Amino acid sequence: MLFQQGKLVVRKLELNDKYLLVKWLSDPVILQYYEGRDNPFDVEKVEEKFFKEEDDAVRCLIEFDGEPIGYIQFYEVDAEERLAYGYGDSMELIYGMDQFIGESAYWNKGVGTQLVRSTVKYLIEEQGAGRIVMDPQTWNERAIRCYEKCGFEKVKLLPANEWHEGEYRDCWLIEYRKERGEVYE
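One numbering rule holds for all chains: residues counted from 1, following each sequence as written. Owing to the predicted nature of the model, reporting of local features is limited to residues with pLDDT of at least 70; listing and counting of side-chain atom pairs is limited to 80 or more, with chain, interface and lining totals taken over all residues. Hydrogens and water molecules were not included; the side-chain quantities draw on all heavy atoms of the structure.

(A) Structural detail: the sheet that holds strand S7 (residues 153-164). At least two bridges found by DSSP between two strands are what make those strands a pair. What counts as a helix is a DSSP run of H or I of at least four residues, what counts as a strand is a run of E of at least two, and both are numbered from the N terminus. Across the sheet, which stays open at both edges, the 8 strands sit in the order S1-S2-S3-S4-S5-S6-S8-S7 with mixed pairing between neighbours. The open sheet terminates on both sides in strands that have one partner only, identified here as strand S1 (3-5) and S7. If you compare each strand with its neighbour and ignore which way they point, the axes differ by 25° on average. Where strand S6 (residues 131-134) and strand S8 (residues 167-177) come together, 4 bridges link them in antiparallel fashion. Counterpart to Met 134 in the pairing with S8 is Ile 174. We call two residues contacting when some pair of their heavy atoms lies within 4.5 Å. Working convention: axes come from line fits to C-alpha atoms, limited for helices to the stretch in contact. Angles between N-to-C directions cover 0 to 180 degrees. Against the sheet, helix H5 (residues 111-125) engages S1, strand S2 (8-12), strand S3 (58-64), strand S4 (67-76), strand S5 (94-101), S6 and S8, with an angle of about 155° to S5.

(B) Structural view of the environment of Leu 157. In this fold, Leu 157 is placed in strand S7. Each C-alpha atom, one on Leu 157 and one on Ile 174, is 9.0 Å from the other, the two residues being 17 residues apart in sequence. Aside from chain neighbours lying at most four places away, what touches Leu 157 is Thr 138, Asp 170, Cys 171 and Trp 172.

(C) Quick look at the packing of aromatic side chains. Pairing of aromatic side chains requires ring centres within 6.5 Å, counting the rings of Phe and Tyr and the six-membered ring of Trp. Pairs whose planes differ by under 30 degrees are stacked, by over 60 edge-to-face, and all others tilted. As enumerated under the stated definition, the model contains 14 aromatic pairs in all. Every member of this aromatic cluster is reached through a ring pair, and the members are Trp 24, Tyr 34, Phe 41, Phe 50, Tyr 71 and Phe 100. Stacked on the ring of Phe 41, the Lys or Arg Lys 45 has its end atom at 4.7 Å from the ring centre. A positively charged side chain is recorded as over a ring if its NZ (Lys) or CZ (Arg) lies within 6 Å of the ring centre. The angle to the ring normal must also be within 35 degrees.

(D) Inspection of the packing of H5 against helix H6 (residues 141-149) at higher detail. Contact pair H5 / H6: the axes reach a minimum separation of 9 Å and the direction vectors enclose 45°. Overall, the two elements H5 and H6 adopt an arrangement that is oblique. Between H5 and H6 lies a crossing of right-handed hand. When H5 is examined against H6, the residues Gly 112, Thr 113, Val 116 and Arg 117 are found in contact with a partner set consisting of Cys 146, Tyr 147 and Lys 149. Taken together, the residues that form the contact of H5 with H6 break down as 3 nonpolar, 2 polar and 2 charged. Convention used here: angles under 35 degrees read as roughly parallel, angles over 145 as roughly antiparallel, angles from 65 to 115 as roughly perpendicular, and any remaining angle as oblique. Less than a right angle of anticlockwise turn of the near helix away from the far helix marks a crossing as left-handed, whereas a clockwise turn marks it as right-handed. Each residue gets one label: Ala, Val, Leu, Ile, Met, Phe, Trp, Tyr, Cys and Pro are nonpolar, Asp, Glu, Lys and Arg are charged, and the others, such as Gly, are polar.

(E) Representation of the side chain of Glu 63 in the model. Here Glu 63 shows up in strand S3. Looking at Glu 63, the relative accessible area reads 18%, which means it is buried. A 3.5 Å cut-off defines polar contacts: any pair of N or O atoms within that distance qualifies, except that in protein one atom must be a possible hydrogen donor and the other a possible acceptor, and neighbouring residues in sequence count only when both atoms are side-chain atoms. A distance of 2.9 Å separates polar atoms of two side chains, one belonging to Glu 63 and the other to Arg 11. Apart from residues no more than four positions distant in its own chain, Glu 63 is found in contact with Lys 7, Leu 8, Val 9, Arg 11, Pro 68 and Ile 69. Each residue's exposure class comes from its accessible area (1.4 Å probe, protein chains only) as a fraction of the maximum for that residue type: buried when under 20%, exposed when over 50%, partly exposed otherwise.

Take a look at the structure:
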């Protein structure tokens, strides 16, 4: 277990979790927001993307009240992404994060807010992050509201930033800055 806040637990992904990822990433309701409905995952694709990629992302399973409900990953933002986002001159430690709640029964119940706040706290207090960034698609208003409630602010528009359902979609670069001293619990 990496961290826990109340009924919420975030732990590193294990190989057997691939079947949960297949379930979630073949569900059109979930794919509408993450990866795209035209991009369903099978076991082979999940193994390739979540268990064989050569990057530094920490991939985790989200549990709530003992039930697996979603996925989150976080990573140090690399030099190329720093430049693209306008952080090329910054020396601070910047983390990126991506997540989804794969069990839609847990949507609109505050679980996403609890997840984002507790992950921000973990990244700042345990990993030394000075800034945390995400790039949600501009049309995903529910997610953006959640992130803003957690202290993230829109920084700049990233035009045609992400391929989703047959077209490049605009995204918002959003950030949480440690220096603002937000309460993230």
